[in-house]
Structure formats: C-alpha cells, structure tokens
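Architecture and fold: a report
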There are 2 protein chains.
Amino acid sequence: MAEALRVGIAGLGTVGASVVRVITEKAAELTRQCGRELVVTGVAARDRSRDRGIDLGGATWFDDPVGLARSADIDVFVELIGGDEGPAFACVKAALEAGRHVVTANKALLAKHGVALAEIAEKKGVLLNYEAAVAGGIPVIKTMREAMAGNSVSRVFGILNGTCNYILTRMEAEGLTFEACLKDAQRLGYAEADPTFDIEGNDTAHKLSILTSLAFGTKIAADDIYMEGISNISQADIRAAGELGYRIKLLGVAQKTESGIEQRVHPTMVPTASVIAQVHGVTNAVAIETDILGELLLSGPGAGGNATASAVVGDIADIAKSRPGFQHGPVFGRPAKELRPYKKAQMRSHEGGYFIRLTVHDRVGVFAAVAKRMADNDISLESIVQHAAGPEAEVQKTVILVTHETTEAAVRKAVEGITKDGHLTDKAQVIRIERAG
Amino acid sequence: MAEALRVGIAGLGTVGASVVRVITEKAAELTRQCGRELVVTGVAARDRSRDRGIDLGGATWFDDPVGLARSADIDVFVELIGGDEGPAFACVKAALEAGRHVVTANKALLAKHGVALAEIAEKKGVLLNYEAAVAGGIPVIKTMREAMAGNSVSRVFGILNGTCNYILTRMEAEGLTFEACLKDAQRLGYAEADPTFDIEGNDTAHKLSILTSLAFGTKIAADDIYMEGISNISQADIRAAGELGYRIKLLGVAQKTESGIEQRVHPTMVPTASVIAQVHGVTNAVAIETDILGELLLSGPGAGGNATASAVVGDIADIAKSRPGFQHGPVFGRPAKELRPYKKAQMRSHEGGYFIRLTVHDRVGVFAAVAKRMADNDISLESIVQHAAGPEAEVQKTVILVTHETTEAAVRKAVEGITKDGHLTDKAQVIRIERAG
C-alpha cells in the first residue's frame, strides 16, 4: 500500500472537528477507498485548551496556520478558518507555494482570490479542491468541473443560502413576519447575530460567482453581481405568490445572454409545482442547464458541520487517490490563465416575467392608469388582480400584476410612471419570475 | 502538452454517434479541460455503410469489436453495444485484459459481470467507468464513488426508468389508462416494441443493483431483487393516491436493515409535496441518505442519446486527466476483492406504511370485517375511506386503507384474511408508501 496521506487542518470549529471525527471514525473504509491511510499530522487553531470532543492523536499543534501550511509533515492543507483575507488567505497561498494540495470550504476567499490561487496551484501541479465552499454537502463543484466535461452551460441557478430559505419556508408555512423568522433562525444558530451577509444576498453572491466561473470559463467577478435580499419580502407577497401558483425563493442565477453574462441574486417566484419549489428549510439546491446533458438538479444540506465535513473529506479522498506526478484537471474547469474576462450583461436588458404588487389609493381610475402604463411600455400582462386589504376604516387596495416575458428596463419605467401618477400609497414591490422545471 | 488520448468506440447507435459528435465539436474545450486532446482512433459497428451524420475522421473501422478492444492504437475502449453477454462482454473483458481503460453505458453487463470485470480492471490498474449505466446523464456514480467518501449509506432510492415515469406521469395528468400511455410511449420511442423489460422493473433492478453495491460495499446481486412492475396500476390507484396526498412512482429502493440489505423495485406512494414527486416524464432521480452528509437528491435526464453521451464523455475526460502510473480508486468504491457478500433482507420483514385498495361487495359488515382483519394483525390504520364507484346498476364499493408503519408479512396476512372472508370482488391492490423528503 502507498504511504499515508498526511493532512494538516487549520481551523477546528464545528466543521474542522467533524472532519477530524470522520477521518478517525471511518479510517478503515477511507483506507479501502483511497488505497492509503489518511492521517491528521498537524492542526492549527486559536484555543489550544478547548475540549472539542475529538481525538487529535499525535497531530502537531501549530499556533500559526501559516506555519502548518509550510510544514514538511503534511501533504494536504485543509483551510477551515474563513474570511477573505488575513490568515485564511495567507495560509492557503503559503501552502500552495510550498507545493501542498489545498482543500478549502472558504467561498469568500475564492470569490476574491480564487483565480490567483488557482494559478499558483496549477503552476505548482497541486490540487485546490473546494467542494464545501458552495452548497455545503452537495457535490456541485465535482459535477460541474468533472462530470460535465464537454457541456456548454446556458444557465445555472440555485438556492445557495440556507438561512434565507429557512426564513422564507417558515414565513410561508406559518404566516409569520420576516422579523419573527429571522429571530428564530438566530436562536437556532441558522443565522448570525449580524445577519446582513446572509439575508442581503452577499453569501449567495460569493457562491454564485464560483459557479459562474465553472459554468462559463470566465474569471470570477463577485463584485459584478446584481443583489437584492429578502428583508423586504412580506406576507402579502408570499400569499399573492401562492395564489398565483408560485413560491418565493432567494435564488442566485447566472445566465448567458447576448450582451454578456448575467449574475443576479434576488427573491424569485418559481412555479409551486417545480422541483426547486419543494426545497425547504436550510436545504440548498442547484440547477444546471447545458446543451448536451440538459437540465440537472442537485439538492441537499447546504450547511452544518457534518454536511460540510462530508464535502471536505471527499476532496481529501480525491487527493489521496492521486499520486505524485499526476496531472490534475484545472481548478475552475479550464486553466486559470485561460479563463476568459468576465463580460457583464446589462441587468436592464434581463428578460423574464415579473410579479408586481402595488398598494394603491382606493379611488376610481387606478386600475386603468396602471394598465395604461404597462401598455405604454409594451408590457403584456398575464393577469391583473385587485384585492382589498387592511381594516375597514383604512381600506387600501392591492393590485397584483403578472407580466409575460419583458425586460427589466420596461418594468422599471412602467413602475416609475405609476409612482409619478400618484396612485401608490407605498413603494411598489417587484419580484422576478424564473423559469424552473 | 501530453499525448492525445486515443479512444475506440464500439457501437455507433444514437449514443455512440452523440459521443463522436461531442468529442469532435467540443474538441477545443475538452482539450483545455483535460490537458490533452481526445481523438477517436477506432470504431466498431455492424453497418459500415449507414450514414450517421458524424465525422469519423481517420478512425480505423473494425468489424469485430474484440479486435478494436485489443487494438494497440487505443487507450480507452468505449462499449456502447449493449446486452449482458455476447460481444459486449467479450470486448469489455478483452479490453481490460489488454490493459485498456473501459467506459461503458451497459447496466445489464455490469449487473451480471460487474464484480468480475472490476477485479480485472483493478488487477491491470486501469479504470472501468460506467456513469452512463445508471440514471443516464445524472452523475450518481461519481457522487457515490468519489464525493461520498467516508459516508455510510443507509438508503438509496430513485426513479431509474424513464419509460415507467413517463407512463405514470401521463396517467395522472391526463386520466389515461396504462395501455394508452404505453402505446404513446412506444410511438414516441420511449418504450421498446416489447416493453416488458422496462415496465416490469428489470431495467430498474439492473441499475439498482449497481447503486446497492456502491452504497453498501457488497457484491452485485441483481437476481436477488424483489420486483413488481407498473402494469397493474389503475386510474383508481392514481386518483386515490392523489386524494390522500401521494403520487405513484416506480422506485428502486436499497436499504440497510437489521436482517440484511433490502433491494426492491415496485410502484410506490411518495408524498405529493416531496421533491421526488415533482420528477415528471422521462426524467430520473436518485436520493441517497447517509450518516454524515444527510440526504442528497439528484435529478435529470435518465436517457436519450445526448444525456447518455454527456456521461460517457465525462468518464472519458476523467481518464484523460489521469496519467500512466496513476493509482485509480476502486471500481465499486471498495476494491472488488473486498466487496462483502450480499446478505438479502427478508422482504416480509420490510417495514413501512401501506396503501391498500379493496373492491368489495356493497353489503353490510364489510367495513367492520376489514377493520377487524387489520386489528388482528396488529396493523394500525392512518385512514380508512369508502367510495362508491362504477355505474349505478352495478355499484361496487371501494375501501381504501392507509396503514401506519407495519410489516409486509402482516399486510399480506391481513389481505389473505380479507380475501378469504369473501368480501372482495377483485384482487386487492397493495402499494408501499415510501418516506421521501
């Protein structure tokens, strides 16, 4: 049997501890699968005294993760520290430069430095594996990077943030407000004390930027993503969506268009009968559409120590099965130096159906005025429904429009017009509708 | 750049022609991904004169696939002939023995000879890849064999036959009979002239036997599968399922139980709100449940020239990325020689909920008699509903029972009892209910 694969792990939080536990408890099976033993020979974490309930065996303790990264006693460096700069960046870079394979779960790091790190890995002939960085335990990186060789992707989209999906699921199932669901998510540990990063879409955007690069062979462009979070989704939206046969999900969508690549993160209406609409709670899902394979959907746990550890261990096992001298496939599907520049599509030219919810004064002529603004902007309507809402004394009317395929620019112009007409008592709510099988 | 990977393809039907087309049309991108060119250097098929609309370039034509398999001018042998014996078996065996990597889409061959072929591949240090053999374009082999390293699987189940799912989908959507849908499936090319193999579950069983081996590290045991097809599913079943919040799917299920491994193929009720219930038409889906990752679901096109070719090309690309001297992971997850003997669980001890539809004489006391038989066998009922059906003159009553978790043995005994009581005007219909997220 080949020599053991020596693993160094930086970061011993929930995921790190799970990885150590899996490697220890499943040692026999992993050895059988990989043809060699996996041994944790080094670890780095801040608090040496904390009891993590894991057996670190004879692993050497490093206070400095960069020291571990450069250690001659490891073959693979596993980065589970987090953050897009600082120690995470320093140690991953150091490990690659020292010729170590790297496994990371760090989407923020890859979104910012992924291409540069891939260049180092490819120059050094080592692997940079990052299955856990997108959609937790779902093997979407492996699928896009390996299984889809020869396919040209036209669109990739998914539910990439468990916190948002948990909130939206509970809002729909229990009729609760966004705020109440967020508070529960925080109590249960699904959301951070400062939840901005999750609920405003940044986390989804980071993950999406990585999928975009794999899908279209372009440089990662995480800053060029149109982003709208879920904090302004109301019960009125969720109920109206349900009545119209839709469910609201926060999706990350990357799509090839004539003007370039569209990357967008926003609340989206998907048909209630679609597969992705049944993805509830903290579960994630990714759909990929290609010319040869067609449409593929993967769903599973997007977060949590064990699910993330599963992806990390899978990445380590892939490295264990490789041997010195093996020529690895490129980090982002095509060699980092040959990744194309990212050309951003104009969001205003985005084509699709739209859901528009207007809260209007209860007076004659509103309906007609709204319909006229739509017609003036060449927007064809699938339906227009009027509801009365609120207590009798202050009746407000809600007008809900569903448009046929149109452009973002036309919708924005129409809504501006309606707003100028003075009929609205509140800001118009606009939610994109996404085709989904 | 490394030397080109020389590919020999045996079988130039729909899939074979698609594979040649993808390799030719996507040459530049495949070269970029693999770090070397893929070139079709040899082909074998029966009819040399047929116009397949593909460019075979300078490929050498072999009338005998075994000749191609042994040719010194290929690195990879792609078997797309089909059949579990004859030329397919002969040429795959010959290719492996000659030290060629093999890619095959042949589930029947693997179900019968998979373990023996894996032993040869592992002895010779070559790859035997078979992503296309199960669930067409869905990367379920790669997921189970590579991404799930370290996971212990408890259950794997799926919609593995597009023909059956197409028929069940149309029966439900359009209220048509099984026979009418089958005829349409044949007209559209989704079903063979002799559809037995698809509709009675054999095709699903072959695919399931491969997944079972990957899931539990056991020898393939395709002959030890409990099998029930969909030909006796009626509109009455589909309607009753719908009313109870279920949809009927033909599932292949492999599950670890205390007495051994359960492998079963049968029509199954899954909750209408589950993800797998939204998998319609010829689409396939596989759900995998493990201790670490949790529950993963993959869905996508399960058949068709292009989807299958996508999986075949992915397998070839994986080989292209490997290099001489590379130690490959085992064919079925663990080395073929270490696959455990398959220990079959007793089907009668299968635990789960059951749907039972009884057509009974319209007379007093039937309800009570049925309920008593259930109670006598310790079967607890979730619901019991009585329907009148048929034209007035010959009113028959339908009694529909949904049981809580019980055993197959208890249900069979209860139904035998009811049948003996003489209340039934037709054979009892029993359909298992499967938990599905």
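Per an unreviewed UniProt entry, chain A goes by the name Homoserine dehydrogenase and belongs to Neomesorhizobium albiziae.

Below, the discussion takes up the relation of the copies chain B and chain A. Overlay of chain B on chain A (RMSD 0.1 Å): rotation 180 degrees, translation along the axis 0.0 Å. The transformation just described matches what one would write down for a two-fold rotation axis. Identified as the residue of chain B closest to the rotation axis by C-alpha distance is L298(B), at 2.3 Å. The share of interface residues of chain B whose copies in chain A are also at the interface is 100%, consistent with both copies meeting through the same surface.

The next point concerns the interface of chain B and chain A. With 51 residues of chain B at the interface, the matching set in chain A holds 52 residues. Here chain B packs against chain A, burying approximately 4300 Å² in sum over the two surfaces, 57% of which is carbon and sulfur. Its largest share of buried area at the contact with chain A, chain B owes to R32(B), I292(B) and K321(B), together 13% of the area lost on that side. One can count eight salt bridges joining chain B with chain A. The salt bridge involving E338(A) is made with R32(B); its shortest N-O contact spans 3.0 Å.

On to the UniProt feature "active site" (unreviewed entry) in chain A. All names here are of chain A. Annotation from UniProt places "active site" (unreviewed entry) at K207. Within the secondary structure, K207 is located in helix α10 (residues 202-216). Among residues more than four places away in sequence, those in contact with K207 are K107, A133, V134, A135, L160 and N161. Engagement of the side chain of K207 in a polar contact is seen with the backbone oxygen of L160, the distance being 2.7 Å.

Of all hydrophobic cores here, the largest spans 167 residues; its most connected members are V140(A), I167(A), F77(B), V140(B) and I167(B). Once residues within four sequence positions are removed from consideration, I167(B) is found in contact with F178(B), C181(B), L182(B), A185(B), I199(B) and I230(B). Residues V7(A), L30(A), I316(A) and A320(A) belong to the second largest nonpolar core, which totals 36 residues.

Take the pairing of strand β4 (residues 76-79) of chain B next. All names here are of chain B. Of the two faces of β4, the one holding V76 and V78 and the one holding F77 and E79 are both buried throughout. When strand β1 (residues 5-10) meets β4, the two strands line up parallel, connected through four bridges. Opposite A10, over in β4, you have E79 as the bridge partner. Pairing geometry for β4 and strand β5 (residues 101-104), over four bridges, is parallel. Within β5, the residue paired with V76 across the bridge is H101. Running through helix α4 (residues 86-97), the crossover from β4 to the neighbouring parallel element β5 is right-handed.

Residues and elements named next belong to chain B. One open sheet accounts for six strands, arranged β3-β2-β1-β4-β5-β6; its pairing is parallel. Because the sheet does not close on itself, it has two edges, and the strands there are β3 (60-62) and β6 (128-129). Most of the contacts of α4 go to β4, to which it runs at about 165 degrees, and overall it touches β4, β5 and β6.

Moving on to α4(B). Residue and element names in this part refer to chain B. The terminal C-alpha atoms of α4 lie 17 Å apart, and with twelve residues this matches the ideal 16 Å at 1.5 Å per residue to within 8%. Taken together, the buried positions of α4 are occupied by A88, C91, V92, A94, A95 and L96. One or two positions beyond α4, positive phi appears at G99, with a value near 80 degrees.

Let us now look at the side chain of D315(A). All names here are of chain A. Along the polypeptide, D315 turns up in helix α12 (residues 305-321). Of the side chains bearing the opposite charge, R145 lies closest to the buried D315, which forms no salt bridge; the N-O distance is 5.6 Å. There is a polar contact of 2.9 Å between the side chain of D315 and the backbone nitrogen of E131. Setting aside chain neighbours within four positions, we find D315 in contact with V103, N129, Y130, E131 and A132.

Let us look at unusual backbone geometry. One non-glycine residue, A135(A), adopts positive backbone phi at about 60 degrees. Looking at the element boundaries, A135(A) is found in the loop between β6 (128-129) and α6 (140-147).

Within a sheet, each strand pairs with its neighbour through backbone hydrogen bonds, oriented either parallel or antiparallel. Residues and elements named next belong to chain A. Spatially, β3-β2-β1-β4-β5-β6 is the arrangement adopted by the six strands of the open sheet, whose pairing is parallel. For this open sheet the edge positions go to β3 (60-62) and β6, each flanked by a neighbour on one side alone. In the packing of helix α4 (residues 86-97) onto the sheet, contacts are made with β4 (76-79) and β5 (101-104), and the angle to β4 comes to roughly 165 degrees.

Charged atoms that come close allow side chains of opposite charge to pair. A full pass over the atoms with the stated rule returns 62 salt bridges over all chains. A salt bridge links E434(A) to R264(A), with the nearest nitrogen and oxygen atoms 3.0 Å apart. With a gap of 170 residues between them, E434(A) in the segment after β17 (429-433) and R264(A) in strand β10 (residues 260-271) connect regions that are remote in the sequence. Residue R264(A) is classed as buried on the basis of its relative accessible area of 0%. Linking E172(B) and R247(B) is a salt bridge whose minimum nitrogen-to-oxygen distance equals 2.9 Å. Note that E172(B) is positioned in helix α7 (residues 162-174) and R247(B) in strand β9 (residues 246-257), a separation of 75 residues in sequence.

What counts and what doesn't
Residues numbered from 1 in each chain as written. Chains lettered and ligands numbered in written order. Predicted model: local features only at pLDDT ≥ 70, side-chain atom pairs only at ≥ 80, totals over all residues. Heavy atoms only, no water. Least-squares fit on C-alpha atoms with pLDDT ≥ 70 in both. Contact = heavy atoms within 4.5 Å. Buried area = accessible area lost by both parts, 1.4 Å probe. Salt bridge = Lys/Arg side-chain N within 4 Å of Asp/Glu carboxyl O. UniProt positions renumbered as here; feature names shortened; annotations may be inferred. Helix = DSSP H or I, 4+ residues; strand = E, 2+ residues; numbered from the N terminus. Polar contact = N/O pair within 3.5 Å; in protein donor to acceptor, adjacent residues only side chain to side chain. Core = buried A, V, L, I, M, F, W, Y, C linked by side-chain atoms within 4.5 Å. Buried < 20%, exposed > 50% of the residue type's maximum accessible area, 1.4 Å probe, protein only. Pairing = 2+ DSSP bridges. Right-handed = clockwise from strand over helix to strand, strands pointing away. Axes fitted to C-alpha atoms, helices over the stretch in contact; angles between N-to-C directions. Expected span 1.5 Å × (residues − 1). Lys, Arg positive; Asp, Glu negative; His and termini not counted.

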